[in-house]
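# Structural features, examined
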Amino acid sequence: PSFETVPIGLTFDDVLLQPAESEVIPSRVNTVTQVSRNVRVALPLLSSPMDTVTEARMAIAMARIGGLGVLHRNLSIDDQALQVDQVKRSEAGMVTNPITCSPDDTMRDVDALCARYRISGVPVTDASGTLVGIVTNRDMRFVTDGGTPVRDIMTRMPLVTAPVGVSKDGALALLREHKVEKLPIVDEAGKLRGLITVKDFTKSEQYPDATKDDAGRLRVAAAVGVGDDAYKRARTLVDAGVDILVVDTAHGHQRAVLEMVARVKKDTTVDVIGGNVATYAGAKALVDAGADAVKVGVGPGAICTTRVVAGVGVPQITAVMEATRACRPAGVPVIADGGIQYSGDIAKALVAGASTVMLGSLLAGCEESPGDLLFINGKQFKAYRGMGSLGAMQSRGQARSYSKDRYFQDDVSNEEKLVPEGVEGQVPYRGPLARVAHQLIGGVRLAMGYVGAESIPEMHRRGKLIRITAAGLKESHPHDIQMTVEAPNYHTR
Ligand code: RVP
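Residues numbered from 1 in each chain as written. Predicted model: local features only at pLDDT ≥ 70, side-chain atom pairs only at ≥ 80, totals over all residues.

Turning our attention to the overall build of the protein. Helix and strand content of the protein: 19 helices and 21 strands. C-alpha atoms of the protein, sized along the principal axes, occupy 80 × 60 × 50 Å. Looking at the protein alone, contacts between residues at least 24 apart form 65% of all its contacts between residues at least 6 apart. (Helix = DSSP H or I, 4+ residues; strand = E, 2+ residues; numbered from the N terminus. Contact = placed C-beta atoms within 7 Å.)

Contact geometry of helix H12 (residues 316-327) with helix H13 (residues 343-352) gives a least axis separation of 8 Å together with a crossing angle of 30°. In terms of axis orientation, H12 runs roughly parallel to H13. Handedness of the crossing formed by H12 with H13: right-handed. Within the contact between the two elements, H12 uses Ile 317, Val 320, Met 321 and Thr 324 and H13 uses Lys 348, Ala 349 and Ala 352. Residue classes in the contact of H12 with H13 are distributed as five nonpolar, one polar and one charged. (Axes fitted to C-alpha atoms, helices over the stretch in contact; angles between N-to-C directions. Parallel < 35°, antiparallel > 145°, perpendicular 65-115°, else oblique. Left-handed = near helix turned anticlockwise from the far one by under 90°. Nonpolar A, V, L, I, M, F, W, Y, C, P; charged D, E, K, R; others polar.)

Close to the ligand lie 23 residues, the nearest being Gly 301, Gly 360, Gly 386, Gly 388 and Gly 422. Its residues assigned to classes, the shell around the ligand shows eight nonpolar, 13 polar and two charged. (Near = placed C-beta within 6 Å.)

Let us look at the pairing of strand S5 (residues 68-71). Because side chains alternate across S5, one face comprises the buried residues Leu 68 and Val 70, and the other comprises Gly 69 and Leu 71, equally buried. Bridge count for strand S4 (residues 45-47) against S5 is two bridges, and the pairing is parallel. Counted as the bridge partner of Ser 47 is Gly 69 from S5. Bridging between S5 and strand S12 (residues 221-224) involves two bridges; their strand directions are parallel. The residue bridging Leu 71 from the neighbouring strand is Ala 222, located in S12. (Buried ≥ 20, exposed ≤ 12 C-beta atoms within 10 Å, placed from the backbone. Pairing = 2+ DSSP bridges.)

Now for H12. Taking 1.5 Å as the rise per residue, H12 with 12 residues should run 16 Å; its terminal C-alpha atoms sit 16 Å apart, in good agreement. For H12, a buried count of nine out of 12 residues is recorded, marking the element as mostly surrounded by other parts of the structure. Residues of H12 that are buried: Gln 316, Ile 317, Ala 319, Val 320, Glu 322, Ala 323, Thr 324, Ala 326 and Cys 327. As for H12, its buried residues are in contact with strand S1 (15-17), strand S14 (271-277), helix H10 (280-289), strand S15 (293-296), strand S16 (334-337) and H13. (Expected span 1.5 Å × (residues − 1).)

On to the UniProt feature "binding site: IMP" (unreviewed entry) in the protein, then. Per the UniProt record, "binding site: IMP" (unreviewed entry) is found at Asp 337, Gly 338, Gly 339, Gly 360, Ser 361, Tyr 384, Arg 385, Gly 386, Met 387, Gly 388 and Glu 421. When the 20 C-beta atoms within 10 Å are taken as the criterion, Ser 361 is described as buried. Apart from residues lying up to four places away in sequence, Ser 361 is in contact with Ala 302, Tyr 384 and Val 427. Here Gly 386 shows up in the loop between strand S19 (379-385) and helix H15 (390-394). Not counting residues within four places of it along the chain, the set of residues in contact with Gly 386 comprises Gly 301, Ile 303, Cys 304, Ala 392, Glu 421, Gly 422 and Val 423. (UniProt positions renumbered as here; feature names shortened; annotations may be inferred.)

This next bit is on the domain arrangement of the protein. Under the domain assignment, the protein is made up of domain 1 (7-90 + 211-476) and domain 2 (107-197). Between domain 1 and domain 2, the C-alpha centre-to-centre distance is 39 Å. (Domains from an automatic or database assignment.)

Assignment of secondary structure puts Asn 74 in the loop between S5 and helix H2 (77-90). Note: C-alpha distance between Asn 74 and Arg 467 (393 residues apart in sequence) is 39 Å.

What follows covers the sheet that holds S16. Pairing in this closed barrel of eight strands is parallel, and the strands run S4-S5-S12-S13-S14-S15-S16-S17 around the ring. Looking at each pair of strands side by side, their axes are set apart by 25° on average, direction ignored. As judged from the three bridges shared by S15 and S16, these two strands associate in the parallel manner. Directly across from Val 296, in S16, lies its bridge partner Ala 336.

Across the sheet, three strands lie side by side as S6-S7-S8; this open sheet has antiparallel pairing. For this open sheet the edge positions go to strand S6 (121-125) and strand S8 (155-156), each flanked by a neighbour on one side alone. Two strands pair when backbone bridges link them, and strand S7 (residues 131-136) and S8 are joined in this way by two bridges, in the antiparallel orientation. Bridge pairing in S8 places Gly 133 opposite Arg 156.

Of all residues in the protein, 95% have pLDDT values of 70 or greater, and the mean over the chain is 92. Reported confidence for the predicted complex is 0.99 by ipTM and 0.86 by pTM. (pLDDT = per-residue confidence, 0-100.)

Contact geometry of helix H9 (residues 255-267) with H10 gives a least axis separation of 8 Å together with a crossing angle of 30°. Classified by the angle their axes make, H9 and H10 are roughly parallel. The handedness of the crossing between H9 and H10 is right-handed. Across from Leu 258, Val 261 and Ala 262 in H9, the residues of H10 making contact are Ala 285, Leu 286 and Ala 289. Each residue belonging to the contact of H9 with H10 can be placed in one class, and the counts come to six nonpolar, no polar and no charged.

Before going further, it helps to examine the nonpolar core. Within the largest apolar cluster, 111 residues are counted, with the highest numbers of intra-cluster contacts made by Ala 222, Leu 245 and Val 294. Ranked by residue count, the leading element in this core is helix H17 (residues 433-451), at nine residues. Leu 245 has contacts with Ala 222, Val 224, Ala 234, Leu 237, Val 264, Val 270 and Val 272, leaving out every residue within four places of it along the chain. Counting 11 residues, the second-largest nonpolar core is a separate cluster that includes Val 122, Val 150, Ile 153 and Met 154. (Core = buried A, V, L, I, M, F, W, Y, C linked by C-beta atoms within 7 Å.)

Dropping the structure here:
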C-alpha cells in the first residue's frame, strides 16, 4: 500500500451540518422514513438488539412512539419468540388470537397470565374454543384463595360481544353503551375469534405515531445469527409474527451472512436486514444478497472494542456515506448503527445517507430497558454492555452459539479462550423512553429547520456536511464555563 491511496475516515465529531436557506419550521417537519424496503416508521429511531437495551418492554415502547425495537438474541429461541408474541399482543385494533384461560384454571394461573402479558383480564373458553365467560381484575379483586377455579369467579355468558367484522366505531359504541372494557368477538357458532379492548382505543389516541402492521398490531423486529440454528430461530420468529428479521453480526461482509440473508429472504415474506458492514463493497454484497436494508457500523459503538482489539473499523460518517453509495441506487435504506451520543449525531447520520439510526447507549438508561436501577453514590444508573463482552458471551448458557455466529469465534470450548470485542459498564438512568426520544427527535427537527429540509429524503438531498478541526470541535461544545444545571439533551463525555 502507498500512503497516497489511504483514504480518510470521518466520524460524527469530524463534521457539522451547514446551515442553509430555509422556510422550514422545525415543529412542522415530517420525520417519516423507511426502516427497510417495506416497513415505514414515523421516527428514524431503532433500538439495538442488545440484552441491556431491547426486550419486549423496550420494543413496545419504541413502536408506540413511532420507532422500532429489535429484540436481542442472547436467549433461547422460545424466549425470543415469546417476546415477539408479547409485543404483537400488546396493543391492537383487535387481538386476533387473544390469550384465554379455561374454567378449570385457577385464579393464580390467571394472575400469572395477566402479569406476563400486562393485561387486566382474559376471556374464558371451553375445550372447543367456545366463549363461556370472562375473568377480569374486577372478578378477582376480593378473592383471597389463589387456588379458586376460574369457573367460580368468572363473569358468565351472556356477555356483551360483537360479531366478526365489527367496525371500529361499532365496537367503540358497544364498549361505551355497556360500560365494559373488553369486547370479545365471537362467530355464529359462539367460538371466540378476537378481542377488542378500551385500552387499545385510548392507546391509539395516546400514540398516534405508533408503528403498526396492517392488522393494527405494533411492529417488532428481532435479531438472528447465521447457520442452521439461526435459520430455525428465524422460522420460529416469523411464526410468532415478527415483522423484520435482522441478521445481526459483527462482520456482515461474510459468506455465511450473505447466505443467511438470501436463505431467509427466499423462504419467508418478512423484510430481512443484513449487517454490519462499513464499506461500499460490504453494503453492495448485502444488497445483492437481497437485503431489504443494510445496517452500517463496524466499531463505533460506545461499548465496542473491535477497533482497538482487532484494529478494524471505519469511522461512522464515512462508513454510512460509502454504504449509501451502494444502497441508494438499489432503493435499499441504510441504518446507521452505533456511536450516536447526541441528537445532532442523528441529524449528521441522516445527511450522510442513513434513513434511520440504531441506538444502544442512549437507550440503555431508559426505564424500559432490561435490568434494574443501580444506585451508586446517590446517583442512578443502568447496566450497559457490549454483546461481544465477556459477560454477554458467557450469559445464559448461550456463549457457544452466540459468540460463534456473531463474532465468528469457534474456539469457545473454554471461556478463558474467548476474545471479547466489547466491554461492560453502566450509563446514567434517563427515565422513560418517551422523554428521551422527545429530546432526540427535537434535535433532529431543529437540524431540519437549519438545513431547510421538510422531510428525511430532503435531508438526504439538501444536507451538506463540513469538516471541522479539533479547534472547531472544542468550540462546538460548551466551553469556558462551569455547567451548573444539567440539560436534558447534553451530557459531558
Ligand atoms: P452505541 O449506540 O454507541 O452504544 O452502539 C450500539 C451498537 O454497538 C449496537 O447496535 C451494535 O451494533 C454495537 N455493539 C453491540 N455490542 C458490541 C460489542 O460488544 N462490540 N457492539
